[in-house]
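# Coordinate analysis (summary)
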Amino acid sequence: MTTVSMTVNGRQVSADVEDRTLLVDYLRNAIGLTGTHVGCDTSQCGACVVHLDGRAVKACTCLAVQASGSSVTTVEGLAKGDELHPVQAAFREHHGLQCGFCTPGMIMTAVDMINRHGGNLDEATVRHELEGNICRCTGYHNIVKAILDAASKMRMPAAAE
Amino acid sequence: MGMEGIGQRVVRKEDKRFITGKGKYTDDVKLQGMTHAHFVRSPHAHARIRSIDTAAAAAMPGVVAVLTGAELVGDRIGNLICGWMIHSKDGSPMKMGAYPAMAPETVRYVGQAVAVVVAETKNQARDAAEAVVVDYEELPAVTTVLDAIKEGAPQLHPEAPGNRVYEWSLGDKAATDAAFAGAAQVVSMDILNNRLVPNPMEPRSAVANYDAGDDQLTLWTTSQNPHVARLVLSAFYNIAPEHKLRVIAPDVGGGFGSKIYIYPEEIVCLWASRKANRPIKWTSDRTEAFLTDAHGRDHITKAEMAFDANHKILGLRVHTYANFGAYMSLFSSSVPTYLYATLLSGQYVIPAIYAEVDGVYTNTVPVDAYRGAGRPEATYVLERMMETAARQFGVDPAELRRKNFITSFPYQTPVIMTYDAGDYNASLDAALKAIDYAGFPARKAEAKARGKLRGIGLSCYIEACGIAPSKAVGSLGAGVGLWESAEVRVNPVGTVEVLTGSHSHGQGHETTFAQLVSERLGIGIDQVAIVHGDTDKVQFGMGTYGSRSGAVGMSAILKAMEKVETKAKKIAAHLMEAAEGDIVIEGGEFKVAGTDKKMPFALVALAAYTGHNLPDGMEPGLKEGAFYDPTNFTFPAGTYVCEAEIDPDTGKTTVVNFVAADDFGRMINPMIVEGQVHGGLAQGIGQALLEGTVYTDDGQLMTASYMDYAMPRADDLPSFDLHHTTTLCPGNPLGIKGCGEAGAIGSPPAVINAITDALGVRDIAMPATPARVWNAIHGRMAAE
Ligand code: FES
Ligand code: FES
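Note that the structure is a prediction, hence the values are computed from the model and not measured.

So, on to the overall build of chain B. Secondary structure assignment for chain B yields 20 helices and 28 strands. Expected size for 784 residues packed as a compact globule is a radius of gyration near 28 Å; at 27 Å, chain B falls within 12% of this value. Here the C-alpha coordinates of chain B stretch approximately 90 × 70 × 55 Å along the principal axes. Looking at the 784 residues of chain B, the share that counts as buried comes to 64%. Considering only contacts in chain B between residues 6 or more positions apart, those separated by 24 or more positions represent 80%. Carbon and sulfur atoms make up 53% of the accessible area of chain B, which amounts to about 25900 Å² in all. Computing the positive centroid from 70 side-chain charges and the negative centroid from 89, chain B places the two 1 Å apart.

Next up, the structure:
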């Protein structure tokens, strides 16, 4: 057992876990944040994507001890109170989800993608960069639309500067 | 019609929790004192269990119990059932081998459970499972139907000689033979429909909790039909009587058919929870899902189609071998029979059809209904035949179809179904226009100039949704009725709770069902709560599959709504001293027609509950229930066109344009309908290009993870171009046909027809991987 401490969604958390505990299990079971999902055991599906010190990672590929001392953002930490993150709002507006299981990982990947590109995205780039996330319900059509729309909205303030 | 009523693209109510990480899926359930189960599974496709030594495992840290198949059988836990009895053409009932939830003596597929370890933590259970020693005597295995029916093939079940479950037939053999005898031309093909793994992103999971105080069991499970689960667990498996078992299917992360069935793990967790007197959670990992979720498709079909000199179809003859895997799953027997052969008329006038279907056991994962269930297989056979016939005759594939379309309704096919309404020319026209069919030769030439091979492929599909009526399916061997139930409860403040027996695993019922109530009462959808998925709340229901929730489930809600409205009108008339017949409901108010007298719905609701001033003899309260049993299936249909481009250097196929023109009848929420089509198309295109299950000859599943089984990703698919034509379904009061499976049914033949067109070959096997396509190109070039 090792004590693993980190900042999750701005809150300091700490729990004793086995050394082999994955970050995703730490978040889901030790901390009780079940928004981050597990869809596979080979790091292929992206249901578990969270941000670790600002970068998207698959939380099933990372040990909790590796993340110790870091700052983690999960899907629960995106909205500001009642105000949805633009990517969350766009997923809803464009029906970018059905069963919702892939959705947390999709949203976290999308936020990271938009941030890295400064909001300058086209369909081909979005499809290419969604490579690590599988959705079985939506056929991606509306997810792609949602990400492009959110990107254009997140780009605007920068363009106005 | 309000802003949130029928036909509006209302954004979904349920999304709020999903996009903020507040969804409640089974694996999110955490109970005080909860333990974790891990299954010991067979590494062999066929073996006898000589012994199981659990002593070392039982002594490991945290282990609460180690239980085997022998103990399960000893406790008289029943074998898994198949719920649809099929009779062979000689009249004999289908031949089934016993399917225990954990194998006590013989394992018949890789991944079959033989023991379970229950421990304080998941890792402890997993570690201890490694220490369970099973001594197997390996037996020869067989994985394909054609091998399984050979003389001398390994035998799976003594009850099923020759590995044959049934040899079934449908249609008129003599009339079909006569049609072929008089044919001017015949088209023949062997058609393979590849085995698929459904792969909902949420793995199956079960949490079982035995409460010794109340002698009550609760099961949280990833189910598409919790009431059927409770019924089957109670009636057949000796788990607990129905009133002592509560089944909750909370948020479910996709199903596509694979979560209809009651699986061994749920049975074992319930049984073990009672035995260990502890709550138990089991969650499948992805490889377990590949090894244990019911697979789909896996047909081999010999098909022949007879035409007259005018290219009119005279007859269709098919012989299909369906691979059932090692055991009969819950609805598996119905898939290649009543869900498949009954759709073999497609959109066409085919005067004579004769279908023979042999159901066969093999040492593979059990196969059952997967998105579309039987209809994709039928559509694939027909639409590959139509395309091949057109090319054989040198006629335009669209025109050959048009020439043979059914154009007057109702239409009685030779294979049971009576199509109630449709306009197949309308969807064909819409699709051809959208894809610019006439402009295709120019695009092909342009692609050729770039060194690419371009092809176009059509598919005109029909499906049957909302299986019905109960009386008819009962006469065909079904073990359940296929009605749906609903209860509409108006609260004293005028908000409404709708309890439904159908279940959402991504289809957005919380929104569409509320739209119906909004339409009728003129109240906002936020005033309406949809309750589903809990046997303690909803009395009974049949769940969601086969696109039945709209056509059947919403019709039940409508019936209950009408009863509520009738009573509410009586109350309103009494309160406003008007005639009941003069009351109209409009915009959330009860109005007296022709006057300015009105009262808000909420006040009528309150009056029903105060009971201070009701018509003499009326019971207080405002809640009504209804059971709705449809009179017929519904028949969505449409035309899909795929335009594909192939890189001859790599063999990679790119779908450059995909048009869908569907007739789903009335659409409650077009946005959600389109989403359903997108998802279905992705699965169908996945089947055509990427997805395929590969077994070694000795029964090892080579495609048991996302490293090996190619799931469609965003980059593999285009954006889709959707169109709708509408004929209302006359069979239900809302005119709904159903849309959930269409995409998966119609798209595989469209894609394969496009590829064979591009390559100029007669056939290519699914999935048409780059390697297969490259080989086809190579073979053709070598032949030239
Ligand atoms: S659970 Fe992490 S990628 Fe699938
Ligand atoms: S919404 Fe179900 S997997 Fe993406």
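Next comes the rest of the account.
What follows concerns the sheet that holds strand β25 (residues 623-628) of chain B. Residues and elements named next belong to chain B. On the basis of which strands lie adjacent, the open sheet formed by 4 strands has the order β21-β20-β19-β25 and mixed pairing. Two strands close off the open sheet at either side, each with one partner strand: β21 (528-531) and β25. With strand direction ignored, the average angle separating the axes of adjacent strands in the sheet is 15°. Pairing analysis gives 5 bridges linking strand β19 (residues 484-490) to strand β20 (residues 496-500), with the strands arranged antiparallel. Paired with Val 488 across the strands is Val 498, a residue of β20.

This part takes up the pairing of strand β12 (residues 280-283) of chain B. Residue and element names in this part refer to chain B. Burial of the side chains of β12 extends over both faces: Ile 280 and Trp 282 are buried on one face and Lys 281 and Thr 283 on the other. In terms of strand pairing, strand β1 (residues 35-41) meets β12 through 2 bridges, oriented parallel. Residue pairing in the sheet places Thr 35 in a bridge with Ile 280 of β12. Alignment of strand β9 (residues 205-211) against β12, held across 4 bridges, turns out to be antiparallel. Looking across to β12, one finds that Ala 208 is bridged to Ile 280.

Looking now at the sheet that holds strand β24 (residues 598-600) of chain B. Residues and elements named next belong to chain B. Spatial strand order, β22-β23-β24: 3 strands in an open sheet with antiparallel pairing. Both outer strands of the open sheet, β22 (583-586) and β24, are each paired with one neighbouring strand and no more. Averaged over neighbouring strand pairs, the angle between their axes works out to 25° when direction is ignored. Two strands pair when backbone bridges link them, and strand β23 (residues 589-592) and β24 are joined in this way by 3 bridges, in the antiparallel orientation. Among the inter-strand pairings, Lys 591 is bridged to a residue of β24, identified as Lys 598. Across the sheet, helix α16 (residues 549-576) lies against β22, β23 and β24, angled at about 115° from β22, the strand it touches most.

Attention shifts here to helix α11 (residues 397-404) of chain B. Residues and elements named next belong to chain B. Listed in full, the buried residues belonging to α11 are Pro 397, Ala 398, Leu 400, Arg 401 and Asn 404. Mapping the buried residues of α11 onto a view down its axis gives an arc of 165°, with all of them on the same face. The residue sitting at the N-terminus of α11 and contributing the capping side-chain oxygen is Asp 396; that oxygen lies 2.8 Å from the backbone nitrogen of Ala 398.

This part is about the packing of aromatic side chains. Residues and elements named next belong to chain B. The final tally for this structure, using the stated rule, is 26 aromatic pairs over all chains. Aromatic pair Tyr 99 and Tyr 327: ring centres 4.2 Å apart, planes at 15°, arrangement stacked. With a gap of 228 residues between them, Tyr 99 in the loop between α3 (69-74) and β4 (106-107) and Tyr 327 in the loop between β14 (313-323) and β15 (352-360) connect regions that are remote in the sequence. Of the residues examined, Tyr 99 reaches a relative accessible area of 6% and is grouped as buried. Relative to Phe 720, the ring of Phe 658 lies with its centre 6.4 Å away and its plane at 90°, an arrangement referred to as edge-to-face. Of the two residues, Phe 658 sits in strand β27 (residues 653-663) while Phe 720 sits in the loop between α18 (670-689) and β28 (721-724), which places them 62 residues apart along the sequence. Taking relative accessible area as the criterion, Phe 658 reaches 0% and is therefore assigned buried. Given the relative accessible area of 8%, Phe 720 is considered buried.

Right, let's talk about the interface of chain A and chain B for a bit. Think of interface size as the accessible area that goes away when the parts come together; that is how it is often given. Residue-level contacts link 46 residues of chain A with 55 residues of chain B. Here chain A packs against chain B, burying approximately 4200 Å² in sum over the two surfaces, 53% of which is carbon and sulfur. Here chain A and chain B share 4 salt bridges between them. Between A:Arg136 and B:Glu691 there is a salt bridge, and its shortest N-O distance comes to 2.7 Å.

Here we take up the pairing of β14(B). Residues and elements named next belong to chain B. The buried fraction of β14 is high, at 9 of 11 residues. Two successive antiparallel strands, strand β13 (residues 299-307) and β14, enclose a turn made up of 5 residues, where His 311 displays a positive phi of approximately 70°. Summarising the sheet, β14 and β15 pair through 9 bridges and their orientation is parallel. Bridging from a neighbouring strand, Asn 323 pairs with Val 360 of β15.

Moving on, we come to the packing of helix α15 (residues 509-521) of chain B against α16(B). All names here are of chain B. In contact at an axis separation of 11 Å, α15 and α16 are set at 35° when each is read in the N-to-C sense. As for the relative orientation of α15 and α16, their crossing is right-handed in sense. Contact residues: His 509, Thr 512, Phe 513, Leu 516, Val 517, Arg 520 and Leu 521 in α15; Ser 549, Met 554, Ile 557, Leu 558, Met 561, Glu 562 and Glu 565 in α16. Considered class by class, the residues forming the contact of α15 with α16 number 8 nonpolar, 3 polar and 3 charged.

The subject of this paragraph is the nonpolar core. Within the largest apolar cluster, 222 residues are counted, with the highest numbers of intra-cluster contacts made by A:Phe91, A:Ile147, B:Leu233, B:Ile239, B:Phe658, B:Ile755 and B:Leu759. In this view, B:Phe658 contacts B:Tyr640, B:Val641, B:Cys642, B:Leu681, B:Ile685, B:Pro718, B:Phe720, B:Asp721, B:Ser747, B:Ala750 and B:Val751; residues no more than four positions away in its chain are not counted. Core analysis: the second largest hydrophobic core is formed by 48 residues, B:Val517, B:Ile523, B:Phe601 and B:Leu614 among them.

Glancing now at the environment of B:Ala605. The topology assignment puts B:Ala605 in helix α17 (residues 601-610). If we skip the residues at most four places from it in the chain, B:Ala605 touches B:Val490, B:Asn491, B:Pro492, B:Gly494 and B:Leu622.

The next thing to look at is the environment of B:Met60. All names here are of chain B. For Met 60, the location among the structural elements is in the loop between α2 (55-58) and β3 (63-68). C-alpha separation for the pair Met 60 and Ala 128, spaced 68 residues apart in sequence, amounts to 6.2 Å. Setting aside chain neighbours within four positions, we find Met 60 in contact with Asp 127, Ala 128 and Ala 131.

Turning next to α18(B). When the terminal C-alpha atoms of α18(B) are compared, their 28 Å separation across 20 residues agrees well with the 28 Å that a helix rising 1.5 Å per residue should span. Most of α18(B) is tucked away, with 20 of its 20 residues classed as buried.

All names here are of chain B. Residue position: Asn 732 is located in the loop between β28 and α19 (742-759). You can call Asn 732 buried: its relative accessible area is 7%. Reaching out from Asn 732, the side chain makes a polar contact with the backbone nitrogen of Gly 735 at a distance of 2.7 Å.

Turning our eyes to something else, we now look at the pattern of salt bridges. Pairs can form between side chains of opposite charge whenever their charged atoms are close. Residue and element names in this part refer to chain B. The tally for this structure, following the rule as stated, stands at 57 salt bridges over all chains. For Arg 17, the salt bridge goes to Glu 510, with nearest N and O atoms at 2.8 Å. Of this pair, Arg 17 sits in helix α1 (residues 15-19) while Glu 510 sits in helix α15, placing them 493 residues apart in sequence. We classify Arg 17 as partly exposed; its relative accessible area is 22%. Since its relative accessible area comes to 15%, Glu 510 is described here as buried. Among the salt bridges present, the one from Asp 27 reaches Lys 281, with a minimum N-O distance of 3.8 Å. Separated by 254 residues along the polypeptide, Asp 27 in the loop between α1 and β1 and Lys 281 in strand β12 bring together distant segments of the chain.

Thresholds applied
- Residues numbered from 1 in each chain as written.
- Chains lettered and ligands numbered in written order.
- Predicted model: local features only at pLDDT ≥ 70, side-chain atom pairs only at ≥ 80, totals over all residues.
- Heavy atoms only, no water.
- Helix = DSSP H or I, 4+ residues; strand = E, 2+ residues; numbered from the N terminus.
- Rg over C-alpha atoms; globule rule 2.2 N^0.38 Å.
- Buried < 20%, exposed > 50% of the residue type's maximum accessible area, 1.4 Å probe, protein only.
- Contact = heavy atoms within 4.5 Å.
- Areas by Shrake-Rupley, 256 points an atom, 1.4 Å probe, with all protein chains shown as cover.
- Lys, Arg positive; Asp, Glu negative; His and termini not counted.
- Charge placed at Lys NZ, Arg CZ, Asp CG, Glu CD.
- Pairing = 2+ DSSP bridges.
- Axes fitted to C-alpha atoms, helices over the stretch in contact; angles between N-to-C directions.
- Arc of directions from axis to C-beta.
- Polar contact = N/O pair within 3.5 Å; in protein donor to acceptor, adjacent residues only side chain to side chain.
- Phe/Tyr/Trp six-rings, centres within 6.5 Å; stacked < 30°, edge-to-face > 60°.
- Buried area = accessible area lost by both parts, 1.4 Å probe.
- Salt bridge = Lys/Arg side-chain N within 4 Å of Asp/Glu carboxyl O.
- Left-handed = near helix turned anticlockwise from the far one by under 90°.
- Nonpolar A, V, L, I, M, F, W, Y, C, P; charged D, E, K, R; others polar.
- Core = buried A, V, L, I, M, F, W, Y, C linked by side-chain atoms within 4.5 Å.
- Expected span 1.5 Å × (residues − 1).

Coordinates in, geometry out; function isn't part of it.
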